[in-house]
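# Observations on the three-dimensional arrangement
Spelled out from the first residue to the last, the chains are:
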Amino acid sequence: MTASAPALRIAPPAFLADPALQRVLAALPDARIVGGAVRDALAGHTVADIDLATPSLPARITQALRDAGIRAIPTGIDHGTVTALVDGTGFEITTLRRDVATDGRHATVAFTDDWRQDAARRDFSMNAMSMSAAGEVFDYFNGISDLRAGLVRFVGDPATRIAEDYLRILRFFRFQARYAAPGAAPDLAALRAIGDGVPGLGILSPERVWGELRRILAAPDPGAAVVLMAALGVLGKVLPGADAGGLSQLIAIGAPADPLLRLAALGAGADELRLSTAERTHLLALCQPLSLTPSVDDDSIRRALAEVPAEILIGRAWLNEVRPGTLSPRLEGGAEPYPSWADLRDRIASIPRPIFPLEGRDVLALGFLPGPQVGELLRQVRSWWLQAGCVPDASACQAELARRVAG
Ligand code: ATP
Ligand code: MG
């Protein structure tokens, strides 16, 4: 055990009072909260996931939880992780570890009972703190002062830590995006080591790269971090052809913090990344051209909405606003930006998505047998309905259908 653990007493943060967490900590008196929860509590951010660590071995963790009537799930028993489930909330509890061997993407670990060793294998000083149930903070590598200064600093020598796991390059920018003090110079030794480490990013799996990139892009304002990634060659390595400027503009005009919209604004093909099928479909839809301009009439908006969900059209309108060369009254020179892309987005959001009121059975009701003719008639009436701005209701569409059948 660490004799000289530098404990600091602070007013216990609000999340500590959570009854579910209290039950787990009561069952495991030697456990502490570790990693992101401690960092976020000290930074005054809301604490989302709570991870715990303990010198106890997994079998003891499991037994102690069960003795306290808490469900214990062996989520990663080989790695020393047990999940405690209390009232629907899961707490990951991991036995303290130290690295035995690393190869640039994973580590072989051994259990330890030394809190400092466990802290030393974590990536950044602000992520290497732990907190007892009473709210004492154990800060082994000056995490508190780095967090206050907005300095993302590696635990130990940056080049060594990067060579152990190249993902840490991307993790640096995740925390840079969220915790760096605006205008403050990033840690120079880290920047040098990152620049040198760029080729190593190539050994990482595309899933892990996209996992980190998505988190970077989900930060409230990742603009400066992404510009820094571009300057160091990191952005070009993970997203060849990406343009950090498009993202900065998207942020500047107040677009939502949507990672896929931001990825689209970077303007690079995402083939190198392993997006989920749903993400890929969404991204491809965002990247299609927008058929609308700010001065279109409501009929055109309804027509577009009949084919494409509002969320996608609004996303395309954000992207059109930052893409040079798009037809925008604002870019065409008038001092009065009216109507603007923002007006267009508001109109898209406020118009209900039109739904074509006829179905196959409306055609069958006229005596047709199921077959290609049914679909063809529906298509004809639908395109008439679209031409009419999606305004005709069910009976008007039925009348049009009857007209076509008769004629
Ligand atoms: P977030 O709130 O964004 O999830 P987090 O700090 O919880 O932030 P995680 O990726 O969930 O980040 O990791 C939890 C903790 O595990 C980190 O705080 C850090 O201490 C440690 N960690 C995670 N990944 C690495 C890594 N690749 N190298 C070293 N330490 C890591
Ligand atoms: Mg986390």
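The structure presented is a predicted model; accordingly, all values stated were derived computationally and were not measured.

### Quick notes on the pairing of strand β8 (residues 107–111)
Taken together, the five bridges between strand β7 (residues 97–102) and β8 define a ladder with antiparallel strand orientation. Residue pairing in the sheet places threonine 102 in a bridge with alanine 107 of β8. What sits between β7 and β8 in their antiparallel hairpin is a turn of four residues, with glycine 104 showing a positive phi close to 95°.

### Considering the environment of serine 291
Within the fold, serine 291 resides in the loop between α14 (277–286) and α15 (298–307). Looking at serine 291, the relative accessible area reads 61%, which means it is exposed.

### Brief notes about helix α21 (residues 394–406)
Along an α-helix, residues three or four apart share an orientation, since each turn contains 3.6 residues. Compared with an ideal rise of 1.5 Å per residue, which puts 13 residues at 18 Å, α21 spans 18 Å between its outermost C-alpha atoms and is within 8% of the ideal. Among all positions of α21, only Cys397, Glu400 and Leu401 are buried. With its buried residues spanning 100° around the axis, α21 presents them on a single face. Counted as exposed and oriented over 90 degrees from the buried face of α21: Ser395, Arg403 and Ala406.

### Structural notes on the side chain of serine 130
Residue position: serine 130 is located in strand β9 (residues 130–131). At 3.0 Å, the side chain of serine 130 and the side chain of arginine 32 are in polar contact. In this structure serine 130 touches Arg32, Ile33, Val34, Val38, Trp115, Glu136, Val137, Phe138 and Tyr140, once residues within four positions along its chain are discounted.

### Describing the domain arrangement of the protein chain
You can read the domains of the protein chain as domain 1 (7–149), domain 2 (158–286), domain 3 (298–350) and domain 4 (360–406). On the side of domain 4, eight residues touch domain 3, which itself brings five residues to the contact. When domain 3 packs against domain 4, close to 500 Å² is buried across both sides, 52% of that on carbon and sulfur atoms. Our enumeration of links across domain 3 and domain 4 arrives at one salt bridge.

### Looking at the site of ligand 1
Taken together, 14 residues sit near ligand 1, with Arg39, Arg168, Arg171, Arg174 and Arg178 positioned nearest. Glycine 36 places a main-chain nitrogen or oxygen 3.4 Å from an oxygen atom of ligand 1. At 2.9 Å, a side-chain N or O of aspartate 165 approaches a nitrogen atom of ligand 1. Bound to the protein, ligand 1 loses 73% of the 590 Å² it would expose on its own. Taken together, the elements giving at least two residues each to the shell around ligand 1 come down to α2 (36–43) and α7 (167–179).

### Quick look at the side chain of glutamate 212
By secondary structure assignment, the location of glutamate 212 is in helix α9 (residues 206–218). Exposure remark for glutamate 212: the relative accessible area of 4% places this residue in the buried category. Each residue touching glutamate 212, except ones within four places of it in the same chain, is listed here: Leu167, Leu170, Arg171 and Arg174.

### A look at the sheet that holds strand β2 (residues 32–34)
Ordered in space as β1-β10-β9-β2-β3-β6-β5-β4, the eight strands form an open sheet in which the pairing is mixed. The outermost strands of the open sheet, each flanked by one partner alone, are β1 (7–9) and β4 (71–76). Sheet analysis places β2 next to β9, joined by two bridges and oriented antiparallel. Bridge assignment links isoleucine 33 to a residue of β9, and that residue is methionine 131.

### Brief notes about the nonpolar core
The biggest cluster of nonpolar side chains holds 95 residues, and the ones touching the most others in it are Val24, Ile33, Leu65 and Leu263. Counting 14 residues, the second-largest nonpolar core is a separate cluster that includes Val374, Leu378, Trp385 and Leu386.

### Overview of the packing of α15 against helix α20 (residues 372–387)
Look at α15 against α20: their axes get within 9 Å of each other, and the N-to-C directions meet at 145°. Seen from α15, the contacting residues are Arg303, Ala306 and Glu307; seen from α20, they are Arg382, Trp385, Leu386 and Gln387. Across the contact of α15 with α20, the residue classes tally to three nonpolar, one polar and three charged.

### Examining the environment of glycine 223
Position of glycine 223 among the secondary structure elements: in helix α10 (residues 223–231). A sequence separation of 95 residues divides glycine 223 from tryptophan 318, and the C-alpha atoms of the two residues are 16 Å apart.

### Describing the state of the cysteines
What we call a disulfide is simply a covalent bond connecting the sulfur atoms of a pair of cysteines. Going through the model one piece at a time under the given rule, you end up with zero disulfides. Free of any disulfide, cysteine 397 has its nearest neighbouring cysteine sulfur in cysteine 390, separated by 9.5 Å. Using a relative accessible area of 0% as the deciding quantity, one classes cysteine 397 as buried.

Procedures and definitions
- Residues numbered from 1 in each chain as written.
- Chains lettered and ligands numbered in written order.
- Predicted model: local features only at pLDDT ≥ 70, side-chain atom pairs only at ≥ 80, totals over all residues.
- Heavy atoms only, no water.
- Pairing = 2+ DSSP bridges.
- Helix = DSSP H or I, 4+ residues; strand = E, 2+ residues; numbered from the N terminus.
- Buried < 20%, exposed > 50% of the residue type's maximum accessible area, 1.4 Å probe, protein only.
- Expected span 1.5 Å × (residues − 1).
- Arc of directions from axis to C-beta.
- Polar contact = N/O pair within 3.5 Å; in protein donor to acceptor, adjacent residues only side chain to side chain.
- Contact = heavy atoms within 4.5 Å.
- Domains from an automatic or database assignment.
- Buried area = accessible area lost by both parts, 1.4 Å probe.
- Salt bridge = Lys/Arg side-chain N within 4 Å of Asp/Glu carboxyl O.
- Near = heavy atom within 4 Å.
- Areas by Shrake-Rupley, 256 points an atom, 1.4 Å probe, with all protein chains shown as cover.
- Core = buried A, V, L, I, M, F, W, Y, C linked by side-chain atoms within 4.5 Å.
- Axes fitted to C-alpha atoms, helices over the stretch in contact; angles between N-to-C directions.
- Nonpolar A, V, L, I, M, F, W, Y, C, P; charged D, E, K, R; others polar.
- Disulfide = S-S within 2.5 Å.

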